[in-house]
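The primary structure of each chain is shown beneath.
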Amino acid sequence: MPFPQLSACAAAPGVIRLVGHRGARGVLPENTIEGFEFALTSGLKLLELDVTATRDGVVVITHNHRLTRSMVRDATGHWLQGEEPKVSQLTYAELSEFDAGGLDGTTAYGQRFPDQSFMTGVAIPRLTDLLDLLRQREHQDVHLFLEIKSDPDLVQNSTARTALVEAVVAEVRAAHLEPRTILHSFDWTMLEDCQRIAPDMPTSFLTQLPENDDDIGEDSSKAVNPVEGCSAMDLPDRVAAAGGQLWCPYHLDVTEQSLARARELGLTTMVWTVNESDDIQRMITLGVDAICTDYPGRAQRLLLQQGLHWLPEAARSCVTTCA
Ligand code: MG
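Notes on the structure in this doc start here. Because the structure is predicted, anything quoted here is derived from the model rather than measured.

Thresholds, definitions, all that
- Residues numbered from 1 in each chain as written.
- Predicted model: local features only at pLDDT ≥ 70, side-chain atom pairs only at ≥ 80, totals over all residues.
- Heavy atoms only, no water.
- Buried < 20%, exposed > 50% of the residue type's maximum accessible area, 1.4 Å probe, protein only.
- Helix = DSSP H or I, 4+ residues; strand = E, 2+ residues; numbered from the N terminus.
- Pairing = 2+ DSSP bridges.
- Right-handed = clockwise from strand over helix to strand, strands pointing away.
- Donors = N, O, S within 2.8 Å, 3.2 Å for Na, K, Ca; no water.
- Arc of directions from axis to C-beta.
- Contact = heavy atoms within 4.5 Å.

What you see with strand β9 (residues 290-293) is no split at all: A290 and C292 on one side and I291 and T293 on the other are buried throughout. Where strand β1 (residues 17-21) lies against β9, four bridges are found, and the strand directions are parallel. Bridge pairing links L18 to I291 in β9. Where strand β8 (residues 268-271) lies against β9, two bridges are found, and the strand directions are parallel. Residue V271 lies in a different strand from β9, and its bridge partner there is I291. Read from β8 through helix α9 (residues 277-286) to β9, the crossover connection turns out right-handed.

Turning to the coordination of the magnesium ion, a few remarks are in order. Tetrahedral coordination by four donors places them ideally at 109.5 degrees to one another around the metal; octahedral coordination by six donors ideally gives 90 or 180 degrees. Protein coordination at the magnesium ion comes from E48 (OE), D50 (OD) and E147 (OE), with a distance range of 1.9 to 2.1 Å. Of note, the donors binding the magnesium ion are all from one chain and are spaced E-x1-D-x96-E. Of this pair, E48 sits in strand β2 (residues 46-53) while E147 sits in strand β4 (residues 143-148), and the two are 99 residues apart along the sequence. Judged by its relative accessible area of 5%, E147 falls in the buried class.

Bringing helix α4 (residues 127-134) into the picture now. By the burial criterion, the buried members of α4 are L127, L130, L131, L133 and L134. Buried residues of α4, seen end-on, are gathered within an arc of 155° and therefore sit on one face of the element. Buried residues in α4 make contact with α1 (33-41), β2, β3 (59-61), β4 and α5 (158-174).

Regular strands have side chains that alternate between both faces of the sheet. With five of its five residues buried, strand β5 (residues 181-185) lies for the most part within the structure. Of the two faces of β5, the one holding T181, L183 and S185 and the one holding I182 and H184 are both buried throughout. Where β4 meets β5, four bridges bridge the pair, whose relative direction is parallel. By the bridge assignment, F145 is partnered in β5 with I182. Taking the sense of rotation as the criterion, the β-α-β connection linking β4, α5 and β5 turns out right-handed. Sheet topology places β5 next to strand β6 (residues 203-207); three bridges connect them, and they run parallel. Note that in β6 the partner of L183 across the bridge is T203. Viewed along the sheet, the connection from β5 through helix α6 (residues 188-197) into β6 turns out right-handed.

Below is the structure:
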């Protein structure tokens with residue numbers, strides 16, 4: 001079945017797509033409406049975000065399962081103390097009391113993003129807040145890599161997993177954004193649910209070989225690593241066998257050979273999270289379809305310097321061509 005969503009992510013002559021990772025984490029607080037608006041204002045047409053649900057079933061945009069003291073302040077403006085609350089154990093009203101508008105620069109995680117703006121009064125958004133933004137006329141051409149986070153405490157709980165997928169899909173459908181949504185996860189069992197529940201949305205399979213450590217200060221991305229024991233060259237075949245349309249490898253895992261194999265299999269390849277200029281350049285040279293980055297500006301500049309762009313000519317507005 002052809003998926004129209006894929007054309008927005010596929011490379012074309014002179015075009016390598018850019019995806020704003022959690023908005024633009026290097027520049028503005030991650031997974032916030034402010035960050036997504038910045039990425040859109042920068043001319044990006046692809047956004048990546050992470051979702052999970054609160055205790056009362058509200059789908060919210062946040063990466064970690066627990067509110068993390070390096071990036072969340074309480075209602076009094078202080079960094080969290082004591083046990084970090086789990087998002088799934090809070091109501092949305094309780095979650096709304098917290099401020100996700102900045103990083104604590106004394107922490108290892110905060111030190112990874114020294115240029116990120118520090119804002120105050122920024123709530124963790126609901127998925128519907130972002131979907132409402134994207135329904136606006138000027139954002140009709142924006143597509144989403146909607147990453148559904150699987151709860152490591154509930155990895156064997158198929159009821160909870162399916163309920164989360166159903167809740168996410170229902171919200172996407174209510175906003176009529178299914179033609180612009182790609183369902184994205186490290187949890188390949190969850191992606192099977194996605195294929196069954198939302199066969200009209202392509203599934204995007206994240207991979208990271210076990211030899212690459214998780215980034216500092218983040219929850220493990222994977223409750224279960226589906227590519228444990230695989231080699232770099234095995235990955236595209238595994239994704240294709242699982243019925244994926246997109247392969248999203250960690251950028252260090254990609255080789256010329258594995259990328260060629262992905263092309264043979266008809267997969268679209270989006271690499272993450274590529275932040276250093278040398279790494280971005282390597283991905284441009286390899287010719288991936290799309291690059292997910294915390295620093296859209298760096299990637300834009302590198303593309304433009306080489307006569308390339310992140311959008312096909314017909315999709316470029318004056319804002320991007322005149323920049
Ligand atoms: Mg993500």
